[in-house]
Structure formats: structure tokens, C-alpha cells
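Observations on the three-dimensional arrangement
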Amino acid sequence: MSGQVNRGIYDDFHGYRLPTEDELNSALQSALVVLDTNILLNLYRYNESTRNDLLGVMRSLGERLWVPHQVMREFWRNRVSALVSRGAGTEQALNALEKQRNAAAEALHQWAKTTAIEASERDALIDKITTLYGELQQIIQVHAPGTPQMVGSASDEPVLQELEALLDRKVGAAPDEADWQAAVDEGNTRVSRQQPPGYLDAEKIDSTLPEGAAGDYLVWHQTLQEATRRNLDVLLVTGDEKPDWWWRYRSEFLGPRVELTAELRDTCGRRFFMMRPIDLLKRAATLKITVSRESVDDVERVSRETTTVPTWSAPGVAALLEHLETEGCEQADVIRVAAARGGTIIRDEIYQICGYDDDRMLRGFTRPTARITAELQSADVVADGVEPALTPVYRGVKAEAFRIPTEMVTILAAEQGTKPEGGV
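Cut-off values and rules
Position labels on residues start from 1 in each chain and follow its written sequence. Given that this is a predicted model, residues contribute local features only at a pLDDT of at least 70 and side-chain atom pairs are listed and counted only at 80 or more, while totals for whole chains, interfaces and linings are drawn from all residues. Side-chain calculation: all heavy atoms of the structure are included, whereas hydrogens and water are not. Note on conventions: DSSP H or I runs of at least 4 residues are helices, E runs of at least 2 residues are strands, and numbering of each starts at the N terminus. Throughout, exposure labels follow a simple rule: accessible area from a 1.4 Å probe, protein chains only, divided by the maximum for the residue type, with under 20% read as buried, over 50% as exposed, and the rest as partly exposed. For this analysis, a nonpolar core means a set of buried residues of the types Ala, Val, Leu, Ile, Met, Phe, Trp, Tyr and Cys, connected via side-chain atoms within 4.5 Å. We call two residues in contact when some of their heavy atoms are within 4.5 Å. A pair of aromatic rings is counted whenever rings of Phe, Tyr or Trp (Trp by its six-membered ring) have centres within 6.5 Å, and the orientation is called stacked for planes under 30 degrees apart, edge-to-face for over 60 and tilted otherwise. The rule is short: NZ of Lys or CZ of Arg within 6 Å of the ring centre and within 35 degrees of the ring normal puts a charge over the ring. Taking the helix axis as origin, the arc is that swept by the directions to the C-beta atoms.

1. Quick look at unusual backbone geometry
Following Pro196, the chain continues to Pro197 via a peptide bond in cis, the omega torsion being 0°. With respect to the element layout, Pro197 can be found in the loop between α8 (177–193) and α9 (215–230). Non-glycine residue Arg169 carries a positive phi angle of around 60°. Here Arg169 lies in the loop between α7 (158–166) and α8. Judged by relative accessible area, Arg169 falls into the exposed class, the value being 78%.

2. Some points on the nonpolar core
Formed by 43 residues in total, the largest nonpolar core has its most connected members in Leu35, Leu40, Met58, Phe75, Leu163, Leu167 and Leu235. Sort the elements by how many residues they give to this core and helix α4 (residues 69–84) lands first, with five residues. Contacts of Phe75, omitting those with residues within four sequence positions, involve Thr37, Leu40, Leu41, Tyr44, Leu160 and Leu163. Grouped together as the second largest cluster of nonpolar side chains are 37 residues, Ile335, Tyr356, Ile372 and Ile411 included.

3. A closer look at the packing of aromatic side chains
As enumerated under the stated definition, the model contains eight aromatic pairs in all. Here the aromatic rings of Trp220 and Phe272 are separated by 4.9 Å at their centres, their planes lie at 55°, and the arrangement is tilted. One end of the pair, Trp220, is in helix α9; the other, Phe272, is in strand β6 (residues 272–275), with 52 residues separating them in the sequence. Note on accessibility: Trp220 and Phe272 belong to one class, buried. Following the ring pairs from residue to residue traces out a cluster consisting of Tyr351, Tyr356, Phe365 and Phe402. For the cation-ring pair, Arg276 lies above Phe253, with the distance from its terminal atom to the ring centre recorded as 4.3 Å.

4. Considerations on α7
Listed as buried for α7 are Val159, Leu160, Leu163 and Leu166. Here the buried residues of α7 occupy an arc of 130° about the axis, which is enough to place them on one side. Looking at α7, the residues exposed on the side facing more than 90 degrees away from the buried face are Glu164 and Ala165. Looking at the buried positions of α7, the neighbouring elements they touch are α2 (37–41), α3 (48–60), β2 (65–66) and α4.

So, to be careful, I would describe these as geometric facts and stop short of saying anything about function.
Have a look at this one:
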């Protein structure tokens, strides 16, 4: 057509343009820096020096530091759990050492009886064991993060005190009811379309959360509004490593999802950058802040711990199916057929297995499995954080299929002595 002007390789494909090191450093110096919920909650999981280093970087951002209202809502929702879990690992280690010390002492007592060894020699050996385990326990306690005495009080809660000062007038205002509801509707619709961000939270659609699966979208929506208001580029700092936020190739993080970069540009004409907390610390020198190598290592440790997804065990799968069958829930048969199909079962098969009428909706279909899974987790039969037993797969506005965890396919195939078919 006459009048058309030829374009460059990025003109209509801005999301594919990877930022240079200089551009990332520049964004850290000039962009609106947005913190995700996990950044705030992970302050409870770092050791004190790491926390101080990260807070120092945040303070240096001044008025460019900002937290969406949804992030603050999620922080308060999950803060107590993060707080009380701080000492869980330490307590488990101390209990394990105590059991081993007692077992070793008992073994020496039994050995002494069979060898007629002098009581003084036996006691000397037991004293060595007691000393060794005592030293180990002392070392663990020295390195353990301190836990506040009062969960409900800020008087002995340094993280809360730091955040109160750091985030004064830096938290987004609560949206009005109409805007919030419209954003929730859009977020849940995006999940059904598998449109970023947040579509990997599909299992939350049937949860008791007021926003359903729209939490990530609310963070994004509120960020777009603030970026437009300030006319600034955006740098999101997040510990979320899922591919509904990141453009990834295997284990490499290339940058934000292309769709998100394009959406921010279309909304306010600005650029979108993302960093993980470890990237933020590694670039602290850009802000003339010095952090220790130990802090970088500690952040990497927490990242590994919080992104490792627990898996279903054979006893856990068996217990889930047994409970479903005891309650007369058809989901047990659905899970078994899904395993035989390679992990995914289509909507029509579910209707056949369950004998549902064509006009029946599948909303709430995962509730029995979610409820029983939670009960089994409380009884320590199933690990906390496992993938949901049934996750809806949306193609359009309805769930066209449901998938089960990969390890569940393997477990049930081994139980039946069969090989699963190819997935749908």
C-alpha cells in the first residue's frame, strides 16, 4: 500500500528485545520498583545480615519503591504463617539430633551389657556422645533465625518494624469496589484463556480466596495504573519464577513474558523489566550499596527452598483415593483414568465416568480432592505444597480437561503394572 513505512525488527515486537546490562542498571536507578508479596514474606526466611542488606537496597530506592495494594493484602494474609515457620527447620534439626543422641546412648548401654565393660568406660563414651551432640545443637541454635516471642505483636518483630518505616506512603491505595470486581473478573477470565500473568494459579478459582485465581492479575493491574500515573518504566522484583510471569528458556530467565512487556507499552508507553531478589542484590553497587557475598548466597538458598515443589508419594495417593471412594466421590475414578491417559482427562470422559447430565457445570469439581488433600496434609500423610490432585485446563471459558500431577501418573501406572498412554 502507498504511504507505508518499513519497520525494524523490534518496532512491532518490543517484548522480544532483551534488555542490556546497562539498561537493567538504568532501570534500577530510574524506574518504578515494584515489590511482589514473596519479597516481603521472604524477609522472614533470610538471616539477619541478609535481611539488613536487602532492606538497605530497598531504602536506597526512595520514593520509587512501591507496593501494590494486593501485595499488602497478601502479605497480611500470609505473614503469620511465614513468621511461625521460621523456626520449623531448626526445631526439626534439634529434635532429630536429640533422638539420635538418645539412640546412640542406648546402643552403648546395650553394647556394654554384652561385653561386661566397666561402667566408668561406658559412661565416658556416653559423655563423649553427649558433648558432641550438645556442640552440634549449640551451633544450630547460634545460626538459627530469631523468632519473635509474640506473633501478634510488633514489639519484638524487627521485620514488621522495618517495613512500617520503609513502606510509609509507598503502598497503593485500596481500589474502589467496582474497579476491584472488574479486575477480579478480568483476572479469572485470563486464567481461563491461559493469558499471563497468573494463569498457572487455575486451581485457586474454586478456593475460598475472595479474588479466586486473580491475585497475580490484581498485582499487575494495580502496577499498570501506578506506572501510568507516574509515567515511569516498571521494574518488578519477584521471587515468583513461574512461566506465567517470566519468558524462560529451560532454567534461564530471559526477561518478562512478551505479552506483559507489550501490554505495559500499550497501556502507558513505558518499558517493563523484571528481577529476582538475587539479581537485585548482585546489582546493589549500581545504587552505591555494598552487600556481602554471604547475603547473595543466603538469598539463593531461600530461592531454592521456596521454589522446590514437594511431590506426591505412593502412600499419599493411596490415602487420597481411599478417602474419595469412602465418601462415594467419582473423582477417584477420574484420577485413575487420567493416569491411564498420561495425566489428562477430557471433559466428555468425566461426564461419562460420573454419569453427569449434559447441562451440569464442573465448577467445584476439584473441591473434594482439595479438601481431602488438606486433611491428609494436616495428618502428615501428604506433603505441604504438593500440586493439586486435579487441576482444570481451560480452553475458552469452560474447563475442557483436568490434569493430575506427573508423579501421580507414575505411581498409579506402577500400581496397575501398565504404561500410561500419551497425554491429551
